[in-house]
Amino acid sequence: MHVYKSPYPPEPLYEGSLVDLLLTSKFHKSHNSPVLTDAETGETLTIRDHFNNVRSFTATLKNHGVTRGTVVALFALNNIYLPCMHHAILAAGGVITPVNCAYTSRELGEQLEIANAKFIVAQDGHWLKTAQETVSSSESISSCKVLSFEQFVKDCLSNRDGKTALGDPLPLDKSARETLAYLCFSSGTTGKFKGVKTSHFNLANNVLQAIAADPVIFSPNAIYAGFLPQTHIYALNLHVYTSIFLGAQLIVFPAFDFERFLKAVIRYRISHAHVVPPIMVLFAKSPLVDKYPEIKYSLRILYSGAAPLSQGLADAVTERLDSKVTVCQGYGLTETSPVTHMSRAERPADKVGSIGFLVPNIEARLWDPETGQDAKLGGPGELVVRGPNIMLGYLNNPTADADTLIGDGWMRTGDIARVDEGGYWYIIDRSKEMIKSKGFQVAPAELEALLLKHPHVIDAAVIGQWSEIEATEQPRAFVVLAPNSDAAQIKEWADAQVAKHKRLSAGIVAIDQIPKSPSGKILRRFLKERNDDT
Ligand code: AYL
């Protein structure tokens with residue numbers, strides 16, 4: 001068996017809790033350093049403010065009944081108090097299940113039920129209303145308590161005036177390796193969404209692995225743009241933990257808006273932005289880039305992750321920004337907390353299409369899943385990884401565990417990769433079913449199950465259709481319909497029940513039969529190769 005090693009020296013493993021990791025950071029030289037700034041209002045929290053807030057939030061959560069093992073769902077757009085809510089839930093002993101803010105009531109209800117959430121903290125307005133409606137309409141989650149995020153923050157900030165004792169972090173009762181911190185959701189290699197069990201140990205070590213891999217990409221002097229949703233593992237790791245651990249400044253945006261972001265780059269001298277490939281398209285093509293040429297004075301690193309980035313697109317962005325910006329990539333999965341590969345800020349110009357090197361403490365294999373044997377040296381083959389950041393497993397799903405965690409600490413990624421002689425890794429294909437729409441996961445099985453609920457749909461299959469213009473896959477459905485049915489109407493019906501990134505934006509195609517293997521497995525490759533107009 002050939003094992004590919006990280007080129008970096010091993011990092012000592014961290015055995016404490018995530019909250020202790022932050023509280024003992026060697027990067028925190030002055031507690032007056034700004035760590036979180038609201039992009040719109042400029043309101044800024046220092047390290048001291050943040051940790052005072054964490055203690056006040058912890059006390060309030062404990063008063064509400066959050067204790068060891070309590071699962072709390074978070075349903076809020078990014079704001080400067082959201083990282084504090086994360087840290088306080090963990091300090092109170094709880095486990096967090098972050099919910100995508102675009103989720104409909106149906107999707108939210110499913111997640112609350114699978115995760116067995118006892119609380120949901122929701123942003124006022126649409127999210128609070130959706131949370132209340134969802135909880136009250138389903139018996140199985142009716143015991144889940146709904147809290148208003150804004151009201152909670154208000155109560156806590158007034159507590160800080162001394163009315164209530166502040167809450168200290170509850171020491172972990174088990175080791176950090178065994179203690180659950182997060183239940184994010186992923187479809188893994190096949191089927192519907194599953195809860196990914198991420199321990200304190202997994203996430204804390206991943207923060208340290210990434211920082212050790214490149215001190216330019218992860219620097220205490222960086223000013224990061226924080227518009228990616230902190231409900232997804234990408235920003236969850238980088239913005240809720242890594243940035244605060246470094247004592248760097250995070251400029252927080254509730255959501256992505258390209259012009260607001262460009263203006264903020266100038267106003268706050270943002271130096272680093274974490275993006276997904278569709279945002280790279282904006283840098284390459286949007287006229288707004290010419291409207292704000294001053295962005296070139298501060299922006300130094302554009303770090304892309306969560307979906308494939310082509311060398312061509314990266315080159316176009318570098319050229320447009322007069323080579324003032326370095327484009328880098330990160331790769332990983334929700335199941336790996338997430339980073340397993342990262343490119344360095346200093347690397348040859350022709351290596352931007354590479355996801356870089358294995359980060360410290362990560363080992364990899366390339367294998368052929370059919371035979372279980374090694375692929376030829378350098379691949380291509382399915383990427384299999386091992387390290388301290390590999391999840392504990394899927395929640396209550398031994399079948400998915402058996403399929404993904406193949407023994408001796410190794411985990412299948414469902415991605416096809418190769419590595420060149422210089423140790424640069426490339427993702428060349430995906431063997432799992434998952435669709436990546438603007439960096440977010442879409443599980444074909446979920447959309448197929450939904451379509452099959454429609455009385456006029458006899459059979460259904462969903463694939464990801466690549467859009468060159470938007471640099472992303474988009475879901476496309478193939479359906480076998482009952483006589484006299486209207487595909488467009490079925491698309492409208494399905495789209496209304498799912499988050500925006502799951503809508504059938506590459507259309508719906510009526511066909512006579514879904515191609516399947518003798519065992520009944522959908523042959524998605526045949527569908528991908530079709531050239532249908534929709
Ligand atoms: P999930 N290139 C190609 N595909 C990628 C890349 C990349 N750079 N990154 C992620 N993927 C795909 O769970 C791949 O198919 O986590 C992988 O199996 O939403 C799947 O996305 C996992 O999707 C970082 C910053 C990782 C971001 C991430 C993304 C985590 C996405 C490391 O430093």
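Residues numbered from 1 in each chain as written. Predicted model: local features only at pLDDT ≥ 70, side-chain atom pairs only at ≥ 80, totals over all residues. Heavy atoms only, no water.

Novice: Can you walk me through the overall build of the protein in this structure?
Specialist: Along the protein, the regular secondary structure elements total 17 helices and 28 strands. At 23 Å, the protein has a C-alpha radius of gyration in line with the 24 Å of a compact globule built from 534 residues. The buried share of the protein, taken over its 534 residues, is 59%. The long-range fraction of contacts in the protein, counting pairs at least 24 apart against all pairs at least 6 apart in sequence, stands at 72%. Carbon and sulfur atoms provide 52% of the accessible area of the protein, an area that totals close to 21500 Å². (Helix = DSSP H or I, 4+ residues; strand = E, 2+ residues; numbered from the N terminus. Rg over C-alpha atoms; globule rule 2.2 N^0.38 Å. Buried < 20%, exposed > 50% of the residue type's maximum accessible area, 1.4 Å probe, protein only. Contact = heavy atoms within 4.5 Å. Areas by Shrake-Rupley, 256 points an atom, 1.4 Å probe, with all protein chains shown as cover.)

Novice: Before we go on, may I ask you to explain the state of the cysteines in this structure?
Specialist: Among covalent bonds in proteins, the disulfide is the one between the sulfur atoms of two cysteines. Taken as a whole, this structure holds 0 disulfides when the rule is applied. For the unlinked cysteine Cys156, the closest cysteine sulfur is that of Cys84, found at 7.4 Å. By relative accessible area, Cys156 is classed as buried at 0%. (Disulfide = S-S within 2.5 Å.)

Novice: What am I meant to see in the packing of helix H7 (residues 200-213) against helix H8 (residues 233-246) here?
Specialist: Any two packed helices are characterised by how steeply their axes cross, that is the angle between the axes, and by the distance between the axes. Running from N to C, H7 and H8 point in directions that differ by 65°, and their axes come no closer than 10 Å. The angle between H7 and H8 places the two elements in the roughly perpendicular class. As for the relative orientation of H7 and H8, their crossing is right-handed in sense. In this structure, H7 contributes Leu203, Asn206, Val207, Leu208 and Ile211 to the contact, and H8 contributes Asn237, Tyr241, Thr242, Phe245 and Leu246. (Axes fitted to C-alpha atoms, helices over the stretch in contact; angles between N-to-C directions. Parallel < 35°, antiparallel > 145°, perpendicular 65-115°, else oblique. Left-handed = near helix turned anticlockwise from the far one by under 90°.)

Novice: Teacher, can you tell me more about the packing of helix H3 (residues 82-91) against H8 here?
Specialist: Two elements in contact, H3 and H8, have axes separated by 10 Å at closest approach and are oriented at 80°. As summarised for this structure, H3 and H8 are arranged roughly perpendicular, according to the angle between their axes. Touching Pro83, His86, His87 and Leu90 of H3 are Leu236, Val240, Tyr241 and Ile244, all from H8. Looking at side-chain class alone, the contact of H3 with H8 contains 6 nonpolar, 2 polar and no charged residues. (Nonpolar A, V, L, I, M, F, W, Y, C, P; charged D, E, K, R; others polar.)

Novice: How should the nonpolar core be read in this particular structure?
Specialist: Buried together is how nonpolar side chains tend to be arranged in soluble globular proteins. If you look at the biggest cluster of nonpolar residues, it comprises 128 residues, and the most contacted ones within it are Tyr182, Tyr241, Phe261, Ile270, Phe283, Leu302 and Trp425. The residues contacting Tyr241, other than those within four sequence positions of it, are Leu18, Leu22, His86, His87, Leu90, Tyr182, Leu203, Val207 and Leu236. Formed by 25 residues, the second largest nonpolar core is a distinct cluster that contains Leu112, Ala122, Cys144 and Ala499. (Core = buried A, V, L, I, M, F, W, Y, C linked by side-chain atoms within 4.5 Å.)

Novice: Hey, could you run me through the site of the ligand in this one?
Specialist: Of all residues adjacent to the ligand, which total 21 residues, the nearest are Tyr303, Thr334, Asp415, Lys432 and Lys436. Measuring from a nitrogen atom of the ligand, one finds a backbone N or O atom of Gly330 at 2.9 Å. The contact in question runs from an oxygen atom of the ligand to an N or O atom on the side chain of Asp415, over 2.5 Å. With the chains in place, 99% of the 660 Å² that the ligand exposes on its own is no longer accessible. At the level of secondary structure, the elements contributing two or more residues to the shell around the ligand comprise H8 and strand E14 (326-332). At 4 residues, E14 tops the list of elements feeding residues into the shell around the ligand. (Near = heavy atom within 4 Å. Polar contact = N/O pair within 3.5 Å; in protein donor to acceptor, adjacent residues only side chain to side chain.)

Novice: I'm lost on H3 in this one. Help?
Specialist: Counting along an α-helix, one turn takes 3.6 residues, and residues three or four places apart therefore face a common direction. Of all 10 residues in H3, 10 are buried, a share of seventy percent or more. Within H3, the full set of buried residues consists of Leu82, Pro83, Cys84, Met85, His86, His87, Ala88, Ile89, Leu90 and Ala91. Gly93 sits one or two positions beyond H3 and adopts a positive phi of about 100°.

Novice: Help me understand the sheet that holds strand E2 (residues 34-38), please; the structure alone is not making it clear to me.
Specialist: Neighbouring strands of a sheet are bound in pairs by backbone hydrogen bonds; such pairs are parallel or else antiparallel. Taken in spatial order, the 9 strands line up as E3-E2-E11-E10-E12-E13-E14-E15-E16 in an open sheet, and their pairing is mixed. Each end of this open sheet is capped by a strand with a single partner; those strands are strand E3 (44-46) and strand E16 (357-358). Where E14 and strand E15 (residues 339-342) come together, 3 bridges link them in antiparallel fashion. Residue Gly330 lies in a different strand from E15, and its bridge partner there is Met342. Of the strands in this sheet, strand E12 (272-275), strand E13 (301-304) and E14 touch helix H10 (residues 277-285), which is tilted by about 140° from E13. (Pairing = 2+ DSSP bridges.)

Novice: Quick question: what am I supposed to make of unusual backbone geometry here?
Specialist: A negative phi angle characterises most non-glycine residues, just as the trans form characterises most peptide bonds. The omega torsion across Ser337 and Pro338 is -10°, close enough to zero to call that bond cis. Tracing the chain through its elements places Pro338 in the loop between E14 and E15. Here the residue pair Gly379 and Pro380 is connected by a cis peptide bond, since its omega of 5° sits within 30 degrees of zero. At Asp408, a residue that is not glycine, the phi angle is positive and equals roughly 60°.

Novice: Please explain the pattern of salt bridges as it appears in this structure.
Specialist: Pairing between side chains of opposite charge can happen when the charged atoms of each approach one another. Within this structure, the stated rule accounts for 25 salt bridges. A salt bridge links Asp403 to Arg412, with the shortest nitrogen-to-oxygen separation between them at 3.8 Å. In this structure, Asp495 and Lys491 form a salt bridge, with 2.7 Å as the shortest nitrogen-oxygen distance. Linking Asp495 with Lys491, this pair stays in helix H16 (residues 487-495), spanning 4 residues, or about one helical turn. For Asp495, a relative accessible area of 12% gives the class buried. Look at Lys491 and you get partly exposed, because its relative accessible area is 24%. (Salt bridge = Lys/Arg side-chain N within 4 Å of Asp/Glu carboxyl O.)

Novice: Even after reading the chapter, I still don't get the environment of Ala510, so can you show me in this structure?
Specialist: As for its placement among the helices and strands, Ala510 is situated in strand E28 (residues 508-510). Expressed as a C-alpha distance, the spacing of Ala510 and Ala487, which sit 23 residues apart in the sequence, is 6.7 Å. Filtering out sequence-adjacent residues up to four positions away, Ala510 remains in contact with Val479 and Leu481.

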